Amino acid sequence: MVKRVAIVGAGVSGLASIKCCLEEGLEPTCFERSDDLGGLWRFTEHVEEGRASLYKSVVSNSSKEMSCYADFPFPEDYPNFVPNSLFLEYLKLYASRFNLLKCIQFKTKVCSVTKRPDFAISGQWEVVTLHDGKQSSATFDAVMVCTGFLTNPHLPLDSFPGIKNFKGQYFHSRQYKHPDIFKDKRVLVVGMGNSGTDIAVEASHLAKKVFLSTTGGAWVISRVFDSGYPWDMIFMTRFQNMFRNLLPTPIVSWLISKKMNSWFNHVNYGVAPEDKTQMREPVLNDELPGRIITGKVLIKSSIKEVKENSVVFNNTPKEEPIDIIVFATGYTFAFPFLDESIVKVEDGQASLYKYIFPAHLPKPTLAVIGLIKPLGSMVPTGETQARWVVQVLKGATTVPPPSVMMTEVNERKKNKHNGFGLCYCKALQSDYITYIDDLLTSIKAKPDLRAMLLTDPRLALSIFFGPCTPYHFRLTGPGKWEGARNAILTQWDRAVKVTKTRIVQESPSSFETLLKLFSFLALLVAIFLVFL
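Throughout, a residue's number is its position along its own chain's written sequence, starting from 1. Only residues with pLDDT of at least 70 get local features here, since the model is predicted, and only at 80 or more are side-chain atom pairs given and counted; chain-wide, interface and lining totals rely on the full set of residues. Only hydrogens and water are set aside; all other atoms, that is, all heavy atoms of the structure, feed into the side-chain values.

Caption draft 1: Geometry of the overall build of the protein chain. In this description a helix means any DSSP run of H or I spanning at least four residues, a strand means any run of E spanning at least two, and both kinds are numbered starting from the N terminus. Each helix and strand counted, the protein chain has 16 helices and 26 strands in total. Note that the radius of gyration is over C-alpha atoms, with the globule rule given as 2.2 Å times the number of residues to the power 0.38. Here the C-alpha atoms of the protein chain give a radius of gyration of 24 Å, agreeing with the 24 Å that 2.2 N^0.38 yields for 532 residues. C-alpha atoms of the protein chain, sized along the principal axes, occupy 70 × 65 × 45 Å. Per-residue accessibility, obtained with a 1.4 Å probe over protein chains only, is compared with the maximum for each type, and a residue is labelled buried under 20%, exposed over 50%, and partly exposed between these values. Across the 532 residues that make up the protein chain, the buried fraction comes to 51%. Should any heavy atoms of two residues lie within 4.5 Å, those residues are counted as being in contact. Sequence separation of at least 24 residues holds for 69% of the intrachain contacts in the protein chain that already meet a minimum separation of 6.

Caption draft 2: A look at the layout of surface pockets. In this analysis a 1.4 Å probe is tested at points of a 1 Å grid over the protein atoms alone, and where it fits but cannot get out there is a cavity; an open set with protein on both sides within 12 Å along at least five of seven lines is a pocket; lining residues have an atom within 4 Å of a point. Grid points are joined across faces, edges and corners, and a volume is the space filled by probe spheres set on the points. Estimates place the volume of the second largest pocket at around 720 Å³. If you go around the second largest pocket, you meet 25 residues; those closest to its centre are Tyr-355, Arg-412, Gln-429, Ser-430 and Asp-431. When residues of the lining of the second largest pocket are traced back to their parent elements, those giving at least two are α10 (402-413), β26 (429-430) and α11 (432-442). Amino acids are sorted into nonpolar (Ala, Val, Leu, Ile, Met, Phe, Trp, Tyr, Cys and Pro), charged (Asp, Glu, Lys and Arg) and polar (every other residue, Gly among them). Its residues placed into classes, the lining of the second largest pocket shows 8 nonpolar, 9 polar and 8 charged.

Caption draft 3: Seen up close, the packing of aromatic side chains. Pairing of aromatic rings covers Phe, Tyr and Trp, the last through its six-membered ring, and needs centres within 6.5 Å; plane angles under 30 degrees mean stacked, over 60 mean edge-to-face, and all others mean tilted. Counted by the stated rule, this structure contains 32 aromatic pairs. Taken together, a centroid distance of 6.2 Å and an interplanar angle of 45 degrees make the contact between Trp-231 and Phe-235 tilted. Here Trp-231 pairs with Phe-235, and both are found in helix α5 (residues 231-235), just 4 residues apart, close to one helical turn. Of the two residues, Trp-231 and Phe-235, both sit in the buried class. An aromatic cluster is built from Trp-41, Tyr-69, Phe-72, Phe-74, Tyr-78, Phe-87, Tyr-90, Tyr-94 and Phe-98, whose rings are joined through pairwise contacts. Charge-over-ring placement is defined geometrically: NZ (Lys) or CZ (Arg) within 6 Å of the ring centre, and within 35 degrees of the ring normal. The aromatic ring of Phe-225 is capped on one face by Lys-259, whose charged end is 5.0 Å from the ring centroid.

Caption draft 4: Focus on the nonpolar core. Counting 149 residues, the largest nonpolar core has Leu-15, Tyr-69, Phe-182, Leu-366 and Trp-388 as the members making the most contacts within it. Per-element tally for this core: the top contributor is helix α9 (residues 378-394), with 7 residues. With residues near it in sequence (within four places) discarded, Phe-182 still touches Phe-171, Tyr-176, Val-187, Ile-199, Ala-203, Leu-206, Ala-207, Ile-324 and Val-326. Only buried Ala, Val, Leu, Ile, Met, Phe, Trp, Tyr and Cys residues count toward a nonpolar core, and they belong to the same one when joined by side-chain atoms within 4.5 Å.

Caption draft 5: Quick look at the pattern of salt bridges. Criterion for a salt bridge: a side-chain nitrogen of Lys or Arg within 4 Å of a carboxyl oxygen of Asp or Glu. Counted under the stated rule, the structure contains 22 salt bridges. Residues Asp-71 and Lys-19 are paired through a salt bridge, measuring 2.7 Å at the closest nitrogen-oxygen approach. In this pair, Asp-71 is assigned in the loop between β2 (27-31) and α2 (84-97) and Lys-19 in helix α1 (residues 12-23), connecting sequence segments 52 residues apart. You can call Asp-71 buried: its relative accessible area is 10%. For the salt bridge of Lys-307 with Glu-319, the shortest nitrogen-to-oxygen distance reads 2.7 Å.

Caption draft 6: Structural view of the sheet that holds strand β6 (residues 134-140). For two strands to count as paired, DSSP must find a minimum of two bridges between them. Across the sheet, which stays open at both edges, the 3 strands sit in the order β4-β5-β6 with antiparallel pairing between neighbours. Of all strands in the sheet, those with a lone pairing partner are β4 (108-115) and β6, marking the two edges. On average, adjacent strands in this sheet sit at an angle of 20 degrees to one another, irrespective of strand direction. Across 7 bridges, strand β5 (residues 125-131) lies against β6 in antiparallel orientation. Bridge pairing in β6 places Glu-126 opposite Thr-139. Lines fitted to C-alpha atoms define the axes here, with helix axes fitted over just the stretch in contact, and angles between the N-to-C directions of these axes take values from 0 to 180 degrees.

Caption draft 7: Structural detail: the domain arrangement of the protein chain. For every domain, the bounds stem from an assignment made automatically or drawn from a database. You can read the domains of the protein chain as domain 1 (4-151 + 333-434) and domain 2 (154-222 + 263-331). Here the C-alpha centroids of domain 1 and domain 2 sit 31 Å apart. Between domain 1 and domain 2, the contact holds 27 residues from the first and 17 residues from the second. There are 0 salt bridges connecting domain 1 and domain 2. Split by residue class, the side of domain 1 that touches domain 2 holds 13 nonpolar, 8 polar and 6 charged.

Written out as structure tokens, the structure is:
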């Protein structure tokens, strides 16, 4: 029987894994190579080996109601989108509230994780660690790997002809910390993901000129969505997710395009994605259109050639003088403490059942947490994965035989799309709500909306039509949280509280009253069609 569990990494997923083990009676030991918890969310002035690195101004892309642990909401006075310093403080509050620090060994590097000689019977692992220059070894019944995938920068310099002749400064976005280095410089940022766009916008406030180079473009959205609410509280609902998944992909893509262009026309600003069918992570940036329209950021195509002091872009013969190049070209991931026979990374993904268990192992006692890119927050995703893993380790939930798991993994790798809903065809991408519900169903923790409609209709309607907040995941099943219902019913109050710092009196009009009546009738019709 599994009892002792080794956890590698004390970031958001590692902390959740410790807590899930404790609440189910397991004995976790977490190894963290740095001197504090927080992982990605702990800012340092210098890049640390083996740990994700962020810049000083990073703010969460998911709102606090959508990115909290399922039984631990953010403090009410936190802003809807949380700066990294406050996010780290939240993680420390979480660790303190559930007494997790006692399980963490800081400044301890995991050197290797290998199968014990009797692994086929025991499923046990030998974990070798390094602390203060001394190696030690211990046996564990299971291992949960929570190291993330933002530690190994992808820097394909061979794709940029002439880069070795460039006399200016160039570096990967992982090295970026503050915008001061861009003062009065001519800056080129390569890559239009969230980091690249953030850096380009920050640089534009100090630099002489800023170019943002993109090959495929991207949808750019603001954190401030319909009626001023956080974008994900509007976009990520069970009703909308079901509706999107029932429609043919071309129609969904057209609807998404119309919605994205309602803020600004992406074609006119040169940022429209070339492939509008495949869903990629949208760029969350509130300033980019304003910087483009004022000439502070210039969008360019891919790089044709890098010269000593300039760059030539494709589709334009003009050379642009450049002083600094920032490569925001993403990351690769690896598990240096694991042999390739355990987890092998190929084409940006690994053969993991449900993105968690190595499918070929005869014993499901090693799990990778957080190696997935859902269109939703990684905090509740990693937490739900950890809950499911712990139930598997306890024997309360089973996984199929290795042959069945491998078949499912191979089918997923083919990236075949069924022609409906959003197309998640890139490695590690997944439909957030569908994926979470699948794991919750396995541990009998998915809320039964049909039954709930009879017993608690107000809650059922909030769950179906409202934002898919993490509190949904703790309404029932193992790890049930008694405060989940109240958290769901008051989530909008908390979202508004931190922005409504000045009270404004509004007088309702007769038109608004009539509109609300028609909206209520439409809601009743929708309920009838969905549940009956």
